[in-house]
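Each chain, written out:
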Amino acid sequence: MRSFDDAQGNRWQAALLEASYGAFLVIFSRAGGDEVLKNEFEATSLLEAEQLLAQMDEAGVRAALAGAVRWS
């Protein structure tokens with residue numbers, strides 16, 4: 001899990017979730033809010049997904065957030 005700020009200064013947390021059929025999701029939750037978003041994450045294992053998320057720069061994490069959709 002990692003925390004970051006979006007371009008508007010909102011604080012977010014990004015966490016990984018192993019989904020069905022070998023897919024991985026990055027789940028975004030906004031601090032102080034009830035917004036929960038998801039985005040698919042390209043990785044071959046949970047370990048690889050964790051490493052990729054940890055290595056992403058702020059722009060990469062913000063881009064993943066920008067492409068996320070509401071969790072339903």
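Residues numbered from 1 in each chain as written. Predicted model: local features only at pLDDT ≥ 70, side-chain atom pairs only at ≥ 80, totals over all residues. Heavy atoms only, no water.

**Student:** Give a detailed account of the overall build of the protein, specifying residues and quantitative values.
**Tutor:** What the protein contains, in helices and strands, is two helices and five strands. Counting helices and strands in the order they occur from the N terminus, the protein gives β-β-β-β-α-α-β. What you see for the protein is a C-alpha radius of gyration of 12 Å, in line with the 11 Å of a compact globule of 72 residues. Expressed as lengths along the three principal axes of its C-alpha atoms, the size of the protein is roughly 35 × 30 × 15 Å. Burial statistics for the protein: of 72 residues in total, 28% are counted as buried. Within the protein, contacts between residues separated by at least 24 positions form 41% of all contacts whose residues are at least 6 apart in sequence. About 4700 Å² of surface is accessible on the protein, with carbon and sulfur atoms providing 49% of the total. Counting 6 positive and 11 negative side-chain charges, the protein places the centres of these two groups 7 Å from one another. (Helix = DSSP H or I, 4+ residues; strand = E, 2+ residues; numbered from the N terminus. Rg over C-alpha atoms; globule rule 2.2 N^0.38 Å. Buried < 20%, exposed > 50% of the residue type's maximum accessible area, 1.4 Å probe, protein only. Contact = heavy atoms within 4.5 Å. Areas by Shrake-Rupley, 256 points an atom, 1.4 Å probe, with all protein chains shown as cover. Lys, Arg positive; Asp, Glu negative; His and termini not counted. Charge placed at Lys NZ, Arg CZ, Asp CG, Glu CD.)

**Student:** Please provide a residue-by-residue account of the sheet that holds strand β4 (residues 36-41), values included.
**Tutor:** Strand order in the open sheet formed by five strands is β1-β2-β3-β4-β5, with antiparallel pairing between adjacent strands. Taken across any chain shown, the strands that pair with only one partner, and hence form the sheet edges, are β1 (2-5) and β5 (69-70). Where helix α1 (residues 46-55) meets the sheet, it contacts β1, β2 (11-18), β3 (24-30) and β4, and its direction lies at approximately 160 degrees from that of β2. Contacts from helix α2 (residues 58-66) reach β1, β2, β3 and β4, with the element oriented near 85 degrees to β1. (Pairing = 2+ DSSP bridges. Axes fitted to C-alpha atoms, helices over the stretch in contact; angles between N-to-C directions.)

**Student:** Kindly report on a nonpolar patch on the surface, identifying the contributing residues and their values.
**Tutor:** A cluster of nonpolar side chains, namely Leu-17, Val-36 and Trp-71, defines an oily patch on the protein surface of about 240 Å² accessible area. Mapped onto the elements, Val-36 comes out in strand β4. (Patch = residues over 30% accessible without salt bridge, like charges linked within 9 Å, V, L, I, M, F, W, Y side chains within 5 Å. Salt bridge = Lys/Arg side-chain N within 4 Å of Asp/Glu carboxyl O.)

**Student:** Explain the pairing of β1 to me, and be specific about the residues and the numbers.
**Tutor:** Residues Arg-2 and Phe-4 point to one face of β1 and are all buried, whereas Ser-3 and Asp-5, pointing to the other face, are not buried. Pairing of β1 with β2, which is carried by four bridges, proceeds in the antiparallel orientation. Note on β2: the bridge partner recorded for Phe-4 is Trp-12. Hairpin remark: β1 followed by β2, antiparallel, with five residues in the connecting loop; positive phi at Gly-9, about 90 degrees.

**Student:** With reference to specific residues and values, describe the pairing of β3.
**Tutor:** Buried residues dominate β3, accounting for five of its seven residues. Where β2 and β3 come together, seven bridges link them in antiparallel fashion. Residue pairing across strands places Trp-12 opposite Arg-30, the latter belonging to β3. Between β2 and β3, which follow one another and run antiparallel, lie five residues, and Tyr-21 among them has a positive phi close to 60 degrees.

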